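Secondary and tertiary structure notes
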Amino acid sequence: ISGSTCKLLEWLEEQAPNVQIVMLTPTYADATKAFHNATQMDNQCLYMPKITERYHYPVIDIRNLHGVNKHNSERFLASDGLHGTKEFYSRLGFIIANQLKAISNK
């Protein structure tokens, strides 16, 4: 996955060299309902710091900032354990907007 991500990022840099790329960690997925997706998302969280360091991109740690986890996933995730509820996406949008403001003020 990380090789594909690097290829995509390099392609994006070539297409739009003046655009700032901001990376986001994936959100939480319930492994009891969406095992494959949860595993992939966990793997992305493992390699994300290496990619952001390599390309010097800012990263928004959605997984930690969002606060969705196995203890509250029933409230925030749909029955598939992957997609969010209205409250999930409302919180997600608020977090991303605030973090982008902070990054742009640096």
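Details of the structure are given in the entry above.
Before going into details, it helps to say that this report is about the structure given with it. (Residues numbered from 1 in each chain as written. Predicted model: local features only at pLDDT ≥ 70, side-chain atom pairs only at ≥ 80, totals over all residues. Heavy atoms only, no water.)

1. Focus on the state of the cysteines
In plain terms, the rule: By convention in this document, the label disulfide applies to cysteine sulfur atom pairs within 2.5 Å. For every residue, the accessible area (1.4 Å probe, protein chains only) is compared with the maximum for its type, and the residue is labelled buried under 20%, exposed over 50%, or partly exposed between those bounds.
The final tally for this structure, using the stated rule, is zero disulfides. Free cysteine: C6, not disulfide-bonded; nearest cysteine sulfur from C45 at 16 Å. In this structure C6 comes out as buried when scored by relative accessible area, which is 11%.

2. With respect to the packing of aromatic side chains
Rules: The criterion for an aromatic pair is that two Phe, Tyr or Trp rings (for Trp, the six-membered ring) have centres within 6.5 Å, with stacked assigned to planes under 30 degrees apart, edge-to-face to planes over 60 apart and tilted to the rest.
Under the counting rule described, the total for this entry stands at two aromatic pairs. On the numbers, 4.8 Å between centres and 80 degrees between planes, the contact of F88 with Y89 is edge-to-face. For F88, a relative accessible area of 2% gives the class buried.

3. A look at the packing of helix α1 (residues 2–15) against helix α2 (residues 35–55)
Which entries qualify depends on this criterion: All axes here are fitted lines through C-alpha atoms, helices being fitted over the stretch that makes contact, and every angle between N-to-C directions spans 0 to 180 degrees. Here a helix means four or more residues in a row that DSSP labels H or I, a strand means two or more in a row labelled E, and each is numbered from the N terminus. In these notes the angle categories are as follows: under 35 degrees is roughly parallel, over 145 is roughly antiparallel, 65 to 115 is roughly perpendicular, and the rest is oblique. Here is the rule for handedness: rotate from the far helix to the near one, and if that takes an anticlockwise turn smaller than a right angle the crossing is left-handed, while a clockwise turn gives right-handed. In what follows, residue pairs with any heavy atoms lying within 4.5 Å of each other are defined as contacts. When residues are sorted by character, Ala, Val, Leu, Ile, Met, Phe, Trp, Tyr, Cys and Pro go into the nonpolar class, Asp, Glu, Lys and Arg into the charged class, and all the rest, Gly among them, into the polar class.
Axis separation between α1 and α2 bottoms out at 11 Å; the angle between their running directions is 30 degrees. On the basis of the axis angle, α1 is roughly parallel to α2. For the crossing formed where α1 meets α2, the hand is right-handed. Only Y47, I51, R54 and Y55 of α2 make contact with α1, whose side of the interface consists of S2, T5, C6, L9, E10 and E13. Residues of the contact of α1 with α2, tallied by class, amount to five nonpolar, two polar and three charged.

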